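Observations on chain architecture
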Amino acid sequence: MFYNCKDTAVFSYNNHAALLYFKYFFRIYMHIIKASDDLSNYLNSIRTDNPKVTIGFVPTMGALHAGHASLVEASITKSDITVCSIFVNPTQFGEMADLEKYPKPIEKDIDLLIKHGCDVLFLPKYEDVYPKEYVQQEFDLMGIDHKIEGASRPGHFQGVCNVLYRFFKIVAPDEAYFGQKDFQQTVVANRLAALIDSPPKIVIVPIKRELSGLAMSSRNIRLSDKGRNNAAFIYKALTDLVSDLNEMSLVDALKKAKQFIEAQKGARIDYFVAVDIETLEEITSLDECDSAALLTVIEYEGVRLLDNIILKPRE
Ligand code: AMP
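Residues numbered from 1 in each chain as written. Predicted model: local features only at pLDDT ≥ 70, side-chain atom pairs only at ≥ 80, totals over all residues.

Focus on the site of the ligand
- Contacts to the ligand come from 17 residues, most closely from Gly 67, Gly 179, Asp 182, Lys 208 and Met 216.
- For the shell around the ligand, the secondary-structure elements that each account for two or more residues are helix H3 (66-78) and strand E5 (175-179).
- If one sorts the elements of the shell around the ligand by residue count, H3 sits on top with four residues.
- In terms of residue class, the shell around the ligand is made up of seven nonpolar, seven polar and three charged. (Near = placed C-beta within 6 Å. Helix = DSSP H or I, 4+ residues; strand = E, 2+ residues; numbered from the N terminus. Nonpolar A, V, L, I, M, F, W, Y, C, P; charged D, E, K, R; others polar.)

The structure is reproduced here in C-alpha cells:
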C-alpha cells in the first residue's frame, strides 16, 4: 500500500478514467490533502470533467474504529468519491484539557481509511478550517443546542455547526454521513442543513456495536478490559426497556432501567431520557409525539459513554 502525504495537493488527473480505474479496481490509493483550497480545487476539477459525479463526506475527529468505517462504507456504496476529514475541532470542546488529550493515531487512521476504500483524506490545520477572516457564527438551532448533551456542554453544538458549515463550503458534498451514535448531532446537522444554502443530504448510519453490544467509541480504549466487557449493561438497559414497553408505561420502564443501571458498580447516570426526535423535548408517553428515541450518557470508569435507541421510528 502507498499513499501521498504531501502538504499540498500536487496530483492532478487530466484523465478521470484513470482515477476511476484506480478507485474501482485497485482501491489502494488515497489522496491526503491538507489545504482547503487544494481540496476545493481538486474536487471542482473532478466536477468540471464529470458533472454527474457525486461526493460523499464523512467528518470525523480521528482515532478511527469500525463505527467510523461503517460511515465510509455507506458513503462509498452511495457516492462516486468519498472524502473523509480528520480534524479535532477546538470550537466544540469546552475544556482545553479534553482537546489536548484527544488521541491522534494518524498512521493507524490512514491505514483504516485506505483499507476501506476512502478516496480523499482531508487533514487540515486550524487555519485551513478557520481562516483569519472567518467569524464564528451563532446558528438558530431552535434551542436544541441547549438541551440534553448541550446542557452539560455549553457551546458544543454551535462549535459543531461552525465546523460543519466550513466543511460543507470547502467540500460541497452531495451527501454527508453521520452516526446515529451521536444522536443529537444528527438532529443539529439536519437543522443546520435547513439553514444554509446548497446543503448536502444528511445520511444517518446505524450504531456499530462491539460483540457485547457496547456502542463503539474512540473513548472505549480508556476503559479497562473488564470495564469494557461490563459496559455492555448500557445496551442491555436500552433493549430491555424496549421490550418492557410491551407491558408497562414509559415512565415505569424508565424507572426500572435507571434502577438497573444504578445497581451496576461504578456506573453514574448523566442522563437517561426519552425524547421527541424532532424537538428533543423530554416525553413521558410515546403518544405525545410522532417519533421518539431514548438518549443516554453513562459515566463508567470515569468515561462518558453515549448510547441511544429508537423507541418510535419516524414514519
Ligand atoms: P467522531 O470522530 O467521534 O467525531 O465521530 C465521527 C462520526 O462517526 C460521527 O458522525 C459519529 O456519530 C460517528 N460514529 C462514531 N462512533 C460510531 C459508531 N459506533 N457507529 C456509527 N457511527 C459512529
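Re the pairing of strand E9 (residues 303-312)
- With nine bridges joining them, strand E8 (residues 292-300) and E9 adopt antiparallel strand pairing. Looking at E9, one finds that Tyr 300 is bridged to Val 303.
- Where E8 folds back on E9, the antiparallel hairpin that results is connected by two residues, among which Glu 301 adopts a positive phi of roughly 50°. (Pairing = 2+ DSSP bridges.)

Points about the sheet that holds strand E4 (residues 120-122)
- Taken in spatial order, the six strands line up as E1-E4-E3-E2-E5-E6 in an open sheet, and their pairing is parallel. Of all strands in the sheet, those with a lone pairing partner are strand E1 (31-33) and strand E6 (201-205), marking the two edges. Direction aside, the axes of adjacent strands within the sheet are offset by 25° on average.
- Pairing analysis gives six bridges linking strand E2 (residues 55-60) to strand E3 (residues 81-86), with the strands arranged parallel. Within E3, the residue paired with Thr 60 across the bridge is Ile 86.
- Packed onto the sheet, helix H8 (residues 156-171) meets E2 and E3 and runs at close to 150° relative to E2. (Axes fitted to C-alpha atoms, helices over the stretch in contact; angles between N-to-C directions. Contact = placed C-beta atoms within 7 Å.)

Observations concerning helix H12 (residues 250-262)
- Given a rise of 1.5 Å per residue, 13 residues ought to cover 18 Å, and the 18 Å separating the end C-alpha atoms of H12 matches this to within 8%.
- Within H12, burial applies to Leu 250, Ala 253 and Ala 257. End-on view of H12: buried residues confined to an arc of 65°, all on one side of the axis. Residues of H12 that are exposed and point more than 90 degrees away from the buried face comprise Val 251, Asp 252, Lys 255, Gln 259 and Glu 262.
- Residues of H12 that are buried in the fold lie against helix H11 (233-244) and strand E7 (267-276). (Expected span 1.5 Å × (residues − 1). Buried ≥ 20, exposed ≤ 12 C-beta atoms within 10 Å, placed from the backbone. Arc of directions from axis to C-beta.)

Let's talk about the domain arrangement of the protein
- One can read the domain layout of the protein as domain 1 (16-205) and domain 2 (218-312).
- Spacing between the C-alpha centres of domain 1 and domain 2 amounts to 28 Å.
- With 13 residues of domain 1 at the contact, the number on the domain 2 side is 10 residues.
- It is helix H9 (residues 183-195) that contributes the most residues to the side of domain 1 that touches domain 2, three residues altogether.
- For the side of domain 1 that touches domain 2, a count of residues per class yields six nonpolar, four polar and three charged. (Domains from an automatic or database assignment.)

Thoughts on the sheet that holds E7
- With antiparallel pairing, the three strands of this open sheet are ordered in space as E7-E8-E9. Only two strands of the sheet have a single partner each, and these edge strands are E7 and E9. Across the sheet, the axes of successive neighbouring strands diverge by a mean angle of 15°, strand direction being ignored.
- Inspection of the sheet shows E7 paired to E8 by nine bridges, in the antiparallel sense. Within E8, the residue paired with Val 275 across the bridge is Ala 293.
- Those strands touched by H11 are E8 and E9, and its axis lies near 15° from that of E9.

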